[in-house]
2 protein chains.
Amino acid sequence: MVYPKSLEKLINFYKKLPGIGEKNAERLALATLNFKDEEIDSFSEALQEVKSKIRKCKICGHLAEDELCDICKDENRDHNLICVIEDYKSVFSFEKVGNYKGVYHVLNGLISPADNIGPDNINLASLIKRVENLKKPELILALKSTIEGETTTLYIKKIFENKKVLISRLSYGIPMGAEIDYLDIITLDKALEDRKKISE
Amino acid sequence: MVYPKSLEKLINFYKKLPGIGEKNAERLALATLNFKDEEIDSFSEALQEVKSKIRKCKICGHLAEDELCDICKDENRDHNLICVIEDYKSVFSFEKVGNYKGVYHVLNGLISPADNIGPDNINLASLIKRVENLKKPELILALKSTIEGETTTLYIKKIFENKKVLISRLSYGIPMGAEIDYLDIITLDKALEDRKKISE
């Protein structure tokens, strides 16, 4: 009982957040004490709003505040080009890069027989339907390079075989700025395999 | 506009917390999305409660949920022994150590002529009154070893001169486990000055 009860309660909530340990949660809770009343009000309002307003886009499964997400609503984007990703966090990563002008499809998981997650358990059926309605569909599979990611990539590749869908995956290789001699051997092996010709 | 508006708002609040940068705030906000409805409700309730319930103890200035803090209310503690500290965070630190059985006095600042903070601007008057009402008062000055801390320590020492108040300050020295050759020279100088006789 070091802390007053209400402070203890707030500390326990901060501790539920990822990467926030005991010590850090205490620091955050004590800092919260110095917030102005209006700030506290808006903070708890923001918490409530995020829960009540955010839902899934009907087309791509990304986070949205309406039926469709801002990206699916955007007429300036190429709706024939679909980047297939594991979860909505990847959307934010790609959007920050800012170079991608297509749309997304959020699988909300990866095929993982070990965890009893099959093709029916992820958001795949709607991708097939989506692609069927496009004139010149192109898919970019942007899944991680784990067994689950590669299994899912192969599965999607197979679904669209002989269906005139252009499919690519992200390149594997050396992260920018990384020291070659610190790289794990699998990455290095992939970088060798995916090597790019630069002579004319 | 990478994030939906309500999510952006929550990210901005997390960013106001100490040590939480852009990237981290995003991670916390996305994690918040996975909280259950009840959790979100209790979280925002906890935020409100901390603001409405927490006030200052009438005796010592520490955080309290009633007129007096739990420590000042505790009859098992030695109310003649007062540990004088800069802010309530120190109370939590001492309480975690768990060996201290006296009470506290929170100054809520330190004397700092450079910042125009004089003895009247910190919680000193109530300390003087408090000590006057005790039969065998003892003060432990636990202020940091900066110019402001030492100025305040000296000032308090002077106030209670010739008033039969036993006064001590925390020892300066080498932090436990620290390498001697990595210590700053001021700490080393203090450790030399405050050296403790161990021969009989």
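Once a new chain begins, its residue numbering starts again from 1 and follows that chain's sequence as written. Labels follow written order: the first chain is A, the first ligand is 1, and so on. Under the rules for a predicted model, residues below a pLDDT of 70 receive no local features and side-chain atom pairs below 80 are neither given nor counted, while totals for whole chains, interfaces and linings still include all residues.

Now for the relation of the copies chain B and chain A. Only residues with pLDDT of at least 70 in both copies count here: their C-alpha atoms drive the least-squares fit that superposes the copies. When chain B is fitted to chain A, the best match, at an RMSD of 0.1 Å, comes from turning it 180 degrees and sliding it 0.0 Å along the axis. Both chain copies can therefore be described as sitting about a two-fold axis. Taking C-alpha positions as the reference, the residue of chain B nearest the rotation axis is S44 of chain B, at 2.2 Å. Two residues qualify as being in contact provided that their C-beta atoms, derived from the backbone, are within 7 Å of each other. Of the residues that chain B buries at the interface, 100% are likewise interface residues in chain A, meaning the two copies contact each other through the same surface.

Moving on, we come to the sheet that holds strand β5 (residues 138-141) of chain A. Residues and elements named next belong to chain A. With respect to topology, 4 strands assemble into an open sheet ordered β4-β3-β5-β6, the strand pairing being parallel. Every interior strand has two partners, whereas the edge strands, β4 (102-106) and β6 (166-169), have only one. This sheet shows a mean twist of 25 degrees between the axes of neighbouring strands, independent of strand direction. Examined bridge by bridge, strand β3 (residues 78-85) and β5 share 4 bridges and lie parallel to one another. When DSSP finds at least two bridges between two strands, those strands are taken to pair. Elements are defined by DSSP. Helices are runs of H or I of four residues or more, strands are runs of E of two residues or more, and each kind is numbered from the N terminus. Axis definition: a line fitted to C-alpha atoms, limited for helices to the stretch in contact. Angles are taken between N-to-C directions and run from 0 to 180 degrees.

Of the residues lining the interface, 39 residues belong to chain B; the matching set on chain A comes to 39 residues. Listing elements by their share of the side of chain B that touches chain A, those giving two or more residues are α1 (5-15), α2 (22-33), α3 (37-53), β2 (63-64) and α5 (88-97) of chain B. It is α3 of chain B that provides the largest number of residues to the side of chain B that touches chain A, a total of 11 residues. Amino acids outside the nonpolar list (Ala, Val, Leu, Ile, Met, Phe, Trp, Tyr, Cys, Pro) and the charged list (Asp, Glu, Lys, Arg) are all regarded as polar, and Gly is one of them. Considering only residue class, the side of chain B that touches chain A consists of 22 nonpolar, 5 polar and 12 charged.

Residues and elements named next belong to chain A. Of note, L81 is situated in strand β3. When the 18 C-beta atoms within 10 Å are taken as the criterion, L81 is described as partly exposed. In this structure, the C-alpha to C-alpha distance between L81 and I59, residues 22 residues apart in sequence, is 14 Å. Excluding residues within four positions of it along the chain, L81 makes contact with G102, V103 and E138. Here a residue counts as buried when 20 or more other C-beta atoms fall within 10 Å of its C-beta, as exposed when 12 or fewer do, and as partly exposed in between; the C-beta atoms come from the backbone.

Attention shifts here to the pairing of β5 of chain A. Residue and element names in this part refer to chain A. Here β5 shows a clear split, with L139 and L141 buried on one side and none of E138 and I140 buried on the other. Taken together, the 4 bridges between β5 and β6 define a ladder with parallel strand orientation. Following the sheet pairing, I140 is matched in β6 by S168.

With that settled, consider the nonpolar core. Put simply, a nonpolar core is buried Ala, Val, Leu, Ile, Met, Phe, Trp, Tyr and Cys residues tied into one set by C-beta atoms within 7 Å. Within the largest apolar cluster, 86 residues are counted, with the highest numbers of intra-cluster contacts made by L10, V84 and Y104 of chain A together with L10, V84 and Y104 of chain B. Non-local contacts of L10 of chain B, meaning those with residues more than four positions away in its chain, are made with A46, L47 and V50 of chain A together with A29 and T32 of chain B.

Once that is clear, we can look at the pairing of strand β3 (residues 78-85) of chain B. Across 5 bridges, β3 of chain B lies against strand β4 (residues 102-106) of chain B in parallel orientation. Paired with I85 of chain B across the strands is V106 of chain B, a residue of β4 of chain B.

Split by domain assignment, chain A resolves into domain 1 (5-53) and domain 2 (71-169). Where a domain begins and ends is set by an automatic assignment or by a domain database. Placing the centre of domain 1 of chain A and that of domain 2 of chain A at their C-alpha centroids yields a distance of 36 Å.

As a further point, take the sheet that holds strand β6 (residues 166-169) of chain B. Residues and elements named next belong to chain B. Strand order in the open sheet formed by 4 strands is β4-β3-β5-β6, with parallel pairing between adjacent strands. Of all strands in the sheet, those with a lone pairing partner are β4 and β6, marking the two edges. On average, each strand axis in the sheet is tilted by 25 degrees relative to the strand beside it, whichever way the strands run.

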